[in-house]
Each structure stands twice: as structure tokens, then as C-alpha cells.
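Tertiary structure, described
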Number of protein chains: 2
Amino acid sequence: MVIVPEGKEPEVSPEAKEGASPGGVRPEPGTARPGGRTARVRAAVLRATGDALVEHGFDRLDLGEVARRAEVGRTTVYRRWGTPSGLVTDLLAEMAESSLPRSDTGSLENDLRANAQLVRSTLNDPRQGPLFRAVIAAAACDPRAASALRRFYRARIAEWAPCVVAAAERGEVPADTDPEEVVRAVSAPLYYRLLASGDPLDEAAAERAAKAALAAARAGAYRRPADR
Amino acid sequence: MVIVPEGKEPEVSPEAKEGASPGGVRPEPGTARPGGRTARVRAAVLRATGDALVEHGFDRLDLGEVARRAEVGRTTVYRRWGTPSGLVTDLLAEMAESSLPRSDTGSLENDLRANAQLVRSTLNDPRQGPLFRAVIAAAACDPRAASALRRFYRARIAEWAPCVVAAAERGEVPADTDPEEVVRAVSAPLYYRLLASGDPLDEAAAERAAKAALAAARAGAYRRPADR
DNA sequence: ACGCAAAGGGAACTGGAGTACCGTTATGGT
DNA sequence: ACCATAACGGTACTCCAGTTCCCTTTGCGT
């Protein structure tokens, strides 16, 4: 994952933690002055969060340790992020910014294979693998993290969907194929292995995932419903 | 999930938390006298664990609360299970016992559709859905929970694999098709929706999953490699 | 039945997670 | 350049999760 060093990305979640404080809609800290120090603190904290997630996993994520690693006041971390889920949610918002460029080989089969191998090598990466596991664990616990994760994958999928659109134009798959569904179909079995079955994520598994998605797409399994 | 009321299933994990206690290999509590009270306590605690997971999710699982709900001493829960992950690991061991009967309609398409609908309705169930999310979160955090989850899915998949074997014998799919891979292919996109994409798990999604797995299987995407 | 030891449970203790308070720094608008 | 205040950060406090200690209950072998 690419850490954006500065940048003024939108802050964590628009809706604050609901407070019955009358009339006062306390704006999330970090929104009014997102520049300079605030941005530096955020970058350091998110980097430390990633490191801690990789080392201990989501359930052992300790805000105090994050503060120490980020060389930032403990109070700051509690105030701005509050909980482990809060940290992960913000980390996911940042991760959604970075996007890996898709390949474009001119054949759907090769594009899907490239995508499958990219997912595979990401999940096998000694840093990214544990990080993704942790992030998914967080999303399975906290609804805010879940919607942040959803946004992240939406961006990733949208990046690759054009491959399928082009393939449909070339006639490789039915014209009314849902492009995003095809891309998701490539990832799904690999994530299933990572999280549920525990089978190894080898190259053969990736090839299989791509091949299966392609075959199903050709057979029309991902055609859009007749749209009422 | 069916709660087995008594029964002498093997206890949590064989290897204890490594202790440097010289010579003394402390056997896990609950192994020497698995009957009577011990079993009752376990049943009550696991039921309470499930309830708590459904209500708050894995990250808010509190051992003290579990003890209270199970009407069991707090000390007991800490001694026998120690951590949230420990509880979930044992819960998964119990869940692996219960198995839902597969259908057998005589056509692979209908069998896979039945399986997909079963998975869908399980994940949509107001109790099972949150429970599965929580259990997967735990498995993404703790290696012991992960291997317990793997065992759970291995049992589930093995239950349904015969459908594919029979279909191969009938010639519906290539003879060297890996039956378990086909069954996993049905589940994978549904779990992907639950955890990553967040798209609704409706009947159309289940039908699509079954249809895609069938098409890919027919096309030979799940054939076993030539076996060296 | 009997008794030993395994498992459970009550109560007191403690370290650290999370919070409150308030002084300090430095951002962003004028 | 100036300053109102957003955001940071140190310190002290609180409270409860997790542990320890020890007594009670009860499973299970004989």
C-alpha cells in the first residue's frame, strides 16, 4: 500500500459519534485545520497503525502502542480516533486513495489472469497479507470500518472493470455482462482461501480463479437481469 | 447452529499456552473430567459466547459478560478459555460437529442452487449472519481460531462434495473435476459479498453463484492438475 | 460408598487502558 | 505581522479487565 505523505484527503467519517450535546455538532477533530502538523500526525499514526496491525493483528491493536510508535501524544490518538475500529476506518480511507494500475493486454483472459496474480501476490505479501486480514477483521466487527472497506473495494473493482467492458465490445463475453461482477468473481475464491479454507494461495489457485471467472462470464452467468 | 447438549467432544486445543514450568505439562482444564458439571459449564459458556458475539461482535466480546450470562464464575471462563479468541475457537470446534444435511436432487445444477440458497439464508439469518461475521473476524486475528474455522469448513464442504462426484459419474462435468473446489466456488462469492463488497445477499446473488460455479465446472476450470 | 484431585467460584488485589484537565504549539484567516 | 483557536501533549486520576488466592463442590476411579 502506498502511504500518501501529505495531501488533504477528506477526514475519517462525516458523521461524528452521535452526541446528545444540545445544539453543538462538534466537528470531527482534524477537519478544521487539516494542514501541517495535523497531516503529519495523521500520516505517522496511520503508518504506526499499519505496522501494529501487521505485527499483532486487529484484536491486539493497542492505541497506546500506536501513539508510542508514531511518537505522538497518547491523548491525541484517543481524541481523534478513539477506538481500534476508528483507526482502521481511517486507514482504509487512506488505502482507498492509492490504486494499482490495471494491465490491459487486449485479451480478457490475460487481463483476468493478471488481476488474479496481482491479488494473489498482494495477499501473500508479508506486509499486505496480514494487513488485509486485519482490515477485514475490523470490517467484520465495526459498521463504519465495513463501509470504509466497501468503498476501498469499490475503487479497486472500478479500476479493473474496463477490461471487461472492452472484452464485451470485442464480443468475448455477452454484451450485457456486469463488468464489476466478473472482476469480483476473480477475487472471491482467493479471499475465500485466505479467510475460510486456509488453502495455499499459489499461482495455480490464481490461474484457476481467473479461468473460472472467464468461463462463467462466457456462459453468461454474470449477465445483468432484464432490468425490469 | 445446533447446540450439542452433552457429548464428549475433544476439548479446545491440544497444545496449551506454552509455559516454561519445568517438567510440568499442564493439561488443558476440562480434559480430565469432561463429564457432568464441566460439560454443563461448557455448554452454557459457549451459548453465552454465541449470544454475545451476535449482539456486540467479536471486538466487543467481554469475558466477564459471558460469565455473567452463562451464570458461571468469572474465574472459570478466564481459566478455561482465557481470551476471546479462545472462546471462539472452542465455539467453532462445537459448530463443526453440527452438519446440515445436503440435498440430492439428481442434477448438479439444482444441488448447487440448493447449496447456494442454504448459504445465503444462513448468512442472512439474524443470528447466524452476525455469528459468522464474528467467527471469521476471530479467525482473521488468531491462528488457533483460524485452524478451527478451517476444520469447520472442511466438514461443511465434505458434506456437499458427493453431489459433484455423482455429477461427474453422470458425465455432467469432467471426470477429473475437484469436487470440493466446486462447492467452495459456490460459497466464495457469497462470502465475498458478506465481508468485502457489502452487496446484498439476495436470491439472485445465490442463483448467480450456483450458475457461475456450474458453468466453470463444465468448462473444466476445476479439473485437478495432471498430478505430477 | 469412599476419597482424592480436578474443576468451579467467591473475594480481594493490581496494572494499565481510557479519560479529564489544562497548559503549549502552531495553523490559517485577516 | 498578528492573534483567535484548533489541535497537540503531559500529568494525574479512575475504574475495571485480568489475575491471584484459597475454599467448596463434584467427577470419577477404586
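Given the structure is predicted, the values throughout are model-derived calculations rather than measurements. (Residues numbered from 1 in each chain as written. Chains lettered and ligands numbered in written order. Predicted model: local features only at pLDDT ≥ 70, side-chain atom pairs only at ≥ 80, totals over all residues. Heavy atoms only, no water.)

Examining the confidence of the model for chain A
Here chain A shows a mean pLDDT of 88. Residues at 70 or above account for 88%. Low pLDDT (under 50) marks residues 1–24 of chain A, which in the prediction has 29 contacts with non-local residues, meaning those over four places away or in another chain. (pLDDT = per-residue confidence, 0-100. Contact = heavy atoms within 4.5 Å.)

Here we look at the protein's contact with DNA strand C
The environment of DNA strand C is made up of 24 residues, and the closest members are R33, G35 and Y78 of chain A together with R33 and G73 of chain B. The sugar and phosphate moieties of DNA strand C supply 56% of its atoms located within 4 Å of the protein. Note that a base oxygen of DNA strand C is positioned 3.0 Å from one of the side-chain N or O atoms of R37 of chain A. T38 of chain B has a polar side-chain atom sitting 3.5 Å from a sugar or linking oxygen of DNA strand C. It is helix α3 (residues 74–80) of chain B that provides the largest number of residues to the surface near DNA strand C, a total of 5 residues. Here the residues of the surface near DNA strand C are counted per class, giving 6 nonpolar, 8 polar and 10 charged. (Near = heavy atom within 4 Å. Polar contact = N/O pair within 3.5 Å; in protein donor to acceptor, adjacent residues only side chain to side chain. Helix = DSSP H or I, 4+ residues; strand = E, 2+ residues; numbered from the N terminus. Nonpolar A, V, L, I, M, F, W, Y, C, P; charged D, E, K, R; others polar.)

Points about helix α7 (residues 143–169) of chain B
Residue and element names in this part refer to chain B. Over its 27 residues, α7 extends 38 Å from the first C-alpha to the last, a length consistent with the 39 Å expected when each residue adds 1.5 Å. Maximal helix bending in α7 amounts to about 35°, located at W160; proline P162 follows within four positions. N-cap assignment for α7: the residue whose side-chain oxygen lies 2.9 Å from the backbone N of R144 is D142. Trailing α7 by a residue or two, G171 shows a phi angle of about 85°, which is positive. (Expected span 1.5 Å × (residues − 1). Bend = angle between axes of the 7 residues up to and from the residue.)

Here we look at the UniProt feature "domain: HTH tetR-type" (unreviewed entry) in chain A
Under the present numbering, the feature "domain: HTH tetR-type" (unreviewed entry) in UniProt falls on residues 39–99 of chain A. The straight-line gap between the two end C-alpha atoms of residues 39–99 of chain A is 21 Å; of that span, 77% is helix and 0% is strand. (UniProt positions renumbered as here; feature names shortened; annotations may be inferred.)

Concerning the pattern of salt bridges
With the rule as written, the count across this model stands at 26 salt bridges over all chains. In this structure, the salt-bridge partner of R208 of chain B is E181 of chain A, at a minimum N-O distance of 3.5 Å. You can see R208 of chain B sitting in helix α9 (residues 203–218) and its partner E181 of chain A sitting in helix α8 (residues 179–197), one on each of two chains. Of the two residues, R208 of chain B and E181 of chain A, both sit in the buried class. Each of the salt bridges in this network shares a partner with another, and the network as a whole consists of E181 and R184 of chain A together with R193, D199 and R208 of chain B. (Salt bridge = Lys/Arg side-chain N within 4 Å of Asp/Glu carboxyl O. Buried < 20%, exposed > 50% of the residue type's maximum accessible area, 1.4 Å probe, protein only.)

Some words on the packing of aromatic side chains
Counted by the stated rule, this structure contains 10 aromatic pairs over all chains. Aromatic rings pair up to connect F132, F152, Y153 and Y191 of chain A together with Y192 of chain B into one cluster. (Phe/Tyr/Trp six-rings, centres within 6.5 Å; stacked < 30°, edge-to-face > 60°.)

Considerations on the relation of the copies chain B and chain A
A rotation about an axis combined with a shift along that same axis relates the two copies of the chain. Once chain B has been moved 0.0 Å along the axis and rotated by 180°, it coincides with chain A to within an RMSD of 0.1 Å. In symmetry terms, the pair is related by a two-fold rotation axis. In terms of C-alpha distance to the rotation axis, chain B has A137 of chain B as its closest residue, with the C-alpha 2.1 Å off the axis. Of the interface residues in chain B, 100% have counterparts in chain A that sit at the interface too, so the contact is made through matching surfaces. (Least-squares fit on C-alpha atoms with pLDDT ≥ 70 in both.)

Let's talk about the protein's contact with DNA strand D
In the vicinity of DNA strand D there are 24 residues, among which A32, R33 and G73 of chain A together with R33 and R74 of chain B approach most closely. A distance of 3.4 Å separates a base nitrogen of DNA strand D from a polar atom in the side chain of R74 of chain A. The set of elements that each furnish at least two residues to the surface near DNA strand D consists of α1 (36–56) and α3 (74–80) of chain A together with α1 (36–56) and α3 of chain B. Top contributing element to the surface near DNA strand D by residue count: α3 of chain A, with 5 residues. Tallied by class, the residues present in the surface near DNA strand D amount to 6 nonpolar, 8 polar and 10 charged.

Considering unusual backbone geometry
Backbone geometry places E71 of chain A, a non-glycine residue, at a positive phi of 50°. Topologically, E71 of chain A is positioned in the loop between α2 (63–70) and α3.

A short note on the interface of chain B and chain A
Contact with chain B, which involves 37 residues of that partner, is made by 37 residues of chain A. At the boundary of chain B and chain A, one finds 6 salt bridges. Elements represented by at least two residues in the side of chain B that touches chain A include exactly α6 (128–141), α7, α8 (179–197) and α9 of chain B. By residue number, the principal contributor to the side of chain B that touches chain A is α8 of chain B, which donates 11 residues. Here the residues of the side of chain B that touches chain A are counted per class, giving 20 nonpolar, 5 polar and 12 charged.

Focus on the domain arrangement of chain A
All names here are of chain A. The domain boundaries assigned to chain A delineate domain 1 (38–94) and domain 2 (99–219). Domain 1 and domain 2 are separated by 28 Å when their C-alpha centres are compared. Taken together, the 13 residues of domain 1 in the interface contact 15 residues of domain 2. Taking both sides of the interface into account, the surface hidden between domain 1 and domain 2 amounts to around 1,100 Å²; carbon and sulfur atoms contribute 74%. Three residues stand out in domain 1 for area buried against domain 2, namely V54, F58 and L92, and they jointly supply 50% of the buried area on that side. At the surface where domain 1 touches domain 2, the tally comes to 1 salt bridge. Measuring nitrogen to oxygen at the nearest pair gives 2.7 Å for the salt bridge that ties D51 to R127. (Domains from an automatic or database assignment. Buried area = accessible area lost by both parts, 1.4 Å probe.)

What about the UniProt feature "DNA-binding region" (unreviewed entry) in chain A?
According to UniProt, the "DNA-binding region" (unreviewed entry) feature falls on residues 62–81 of chain A. In residues 62–81 of chain A, the share of helix is 75% and the share of strand is 0%. The end C-alpha atoms are 12 Å apart.

Notes on empty space enclosed by the protein
Going through the model one piece at a time under the given rule, you end up with 9 cavities of 30 Å³ or more. Of the pockets and cavities examined, the largest cavity occupies roughly 310 Å³. Lining the largest cavity are 29 residues; nearest its centre among them are A185 and P189 of chain A together with A185, P189 and Y222 of chain B. Only α8 and α9 (203–218) of chain A together with α8 and α9 of chain B provide two or more residues apiece to the lining of the largest cavity. (1 Å grid on protein atoms, 1.4 Å probe; cavity = no way out; pocket = protein on both sides within 12 Å on 5 of 7 lines; lining within 4 Å. Points joined across faces, edges and corners; volume = space filled by probe spheres on them.)

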